[in-house]
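# Architecture at a glance
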Amino acid sequence: MIDEIQKHILEEVADLHSVPEGAYNIRANGQMAGRNTTANIDIVSKTDKSGIDIRIKPGTKHESVHIPVVLSASGLKEVVYNDFYIGEDCDVVIVAGCGIHNCGNQDSQHDGVHRFFVGKNAKVKYVEKHYGEGDGDGKRILNPVTEAYMEEGSTMEMEMVQIKGVDSTNRMTTAELASGAKLVVRERLLTHGDQHAVSGYTVTLNGDDASADVVSRSVAKDHSYQKFDSRIVGNAKCTGHTECDAIIMGDARILAIPQLEANDIDAALIHEAAIGKIAGEQIIKLMTLGLTEEEAEAQIVNGFLK
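So, here is what we can say about the structure in this document.

Criteria and cut-off values
Residues numbered from 1 in each chain as written. Predicted model: local features only at pLDDT ≥ 70, side-chain atom pairs only at ≥ 80, totals over all residues. Heavy atoms only, no water. Helix = DSSP H or I, 4+ residues; strand = E, 2+ residues; numbered from the N terminus. Rg over C-alpha atoms; globule rule 2.2 N^0.38 Å. Buried < 20%, exposed > 50% of the residue type's maximum accessible area, 1.4 Å probe, protein only. Contact = heavy atoms within 4.5 Å. Areas by Shrake-Rupley, 256 points an atom, 1.4 Å probe, with all protein chains shown as cover. Lys, Arg positive; Asp, Glu negative; His and termini not counted. Charge placed at Lys NZ, Arg CZ, Asp CG, Glu CD. Polar contact = N/O pair within 3.5 Å; in protein donor to acceptor, adjacent residues only side chain to side chain. Core = buried A, V, L, I, M, F, W, Y, C linked by side-chain atoms within 4.5 Å.

Once that is clear, we can look at the overall build of the protein chain. Of regular secondary structure, the protein chain possesses three helices and 22 strands. Radius of gyration (C-alpha) of the protein chain: 20 Å, near the 19 Å computed for a compact globule of 306 residues. Seen through its principal axes, the protein chain has C-alpha atoms that stretch 55 × 55 × 35 Å. For the protein chain, the residues scored as buried account for 51% of the 306 residues in total. Intrachain contacts of the protein chain at a sequence separation of at least 6 include 80% that bridge at least 24 residues. For the protein chain, the exposed area adds up to about 13800 Å²; of that, 47% sits on carbon and sulfur atoms. Taken as two groups, the 30 positive and 47 negative side-chain charges of the protein chain have centres that lie 2 Å from each other.

Now for the environment of Glu 295. With respect to the helices and strands, the residue Glu 295 is situated in helix H3 (residues 293–304). Residue classification places Glu 295 among the partly exposed residues on the basis of a relative accessible area of 42%. Spatially, the C-alpha atom of Glu 295 lies 47 Å from that of Val 44, the residues being 251 residues apart in sequence. Engagement of the side chain of Glu 295 in a polar contact is seen with the backbone nitrogen of Thr 292, the distance being 2.9 Å.

Moving on, we come to the environment of Arg 115. With respect to the element layout, Arg 115 can be found in strand E10 (residues 108–118). Between the alpha carbons of Arg 115 and Thr 146 there is a distance of 5.9 Å; along the sequence they are 31 residues apart. For Arg 115, the residues in contact, after removing those within four places along its chain, are Asn 82, Asp 83, Phe 84, Tyr 85 and Glu 147.

This paragraph deals with the nonpolar core. If you look at the biggest cluster of nonpolar residues, it comprises 45 residues, and the most contacted ones within it are Ile 86 and Met 156. Among the elements that take part in this core, strand E18 (residues 210–220) stands out by supplying four residues, more than any other. For Met 156, the residues in contact, after removing those within four places along its chain, are Phe 116, Val 118, Val 124, Tyr 126, Ala 148, Met 150, Lys 182, Leu 183 and Val 184. Val 219, Ile 300, Val 301 and Leu 305 belong to the second largest nonpolar core, which has twelve residues in total.

Shown next as structure tokens:
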């Protein structure tokens, strides 16, 4: 049974206002709170550790899987292992994410390890949102690990979002791509207060014509700290692009670390980075339209992170 606080968190991390259509597995305070399977998508609990196996039959088109996690108990810490087996020629959407409501004095933490085995010519859109709230002194900690193993001709789009309220996060993502596989990552991150966020990406392009495009857009406010560490390895004729585009405000700090490794003469790899404050003329222009300085600043930040 989901209470009102948990319903609100589900809306934030998975845009769920009611029970979703299709396959889903909802986890609340360390327990399964709801599950549904379909003819093409099966969800089974692991027997050796906490987590689930999601198996999607070859050829499955235009179906979705929702696997959100909500924590509303202060002091709860868990590690969950979820494996996705996506068959050949699929076209599916997978919506994950975790929200923590902590009004207590103990830290609450969710560490999720997600592994994706993407079959030949399959297409996957993966959305992962993180969110924290609550007025307690306990921290809200999220440490996701994402691994993607992509077969020939497969495509995967990752939308990785941290909305707000997460005190500490260490996001590690790795991917290995075969010939013709394509990976697109769009990270959006907001930190404020004394929050700490680390994002690490390692993408290995093993096959001819494999490609990766990893872009992070972030805003760091107050005294928060962000680190973006992106590494692309080209082992064949391939293309890779990684970019950090960030706004820094107040006394925040941002560190961007590019790493490009070309092990083939035809590996074409590019890194771009831009970190700076909001230009004063942007705020002034919006203020002439009737906005206060705070409203103008918020509009710029919200537009930047879309």
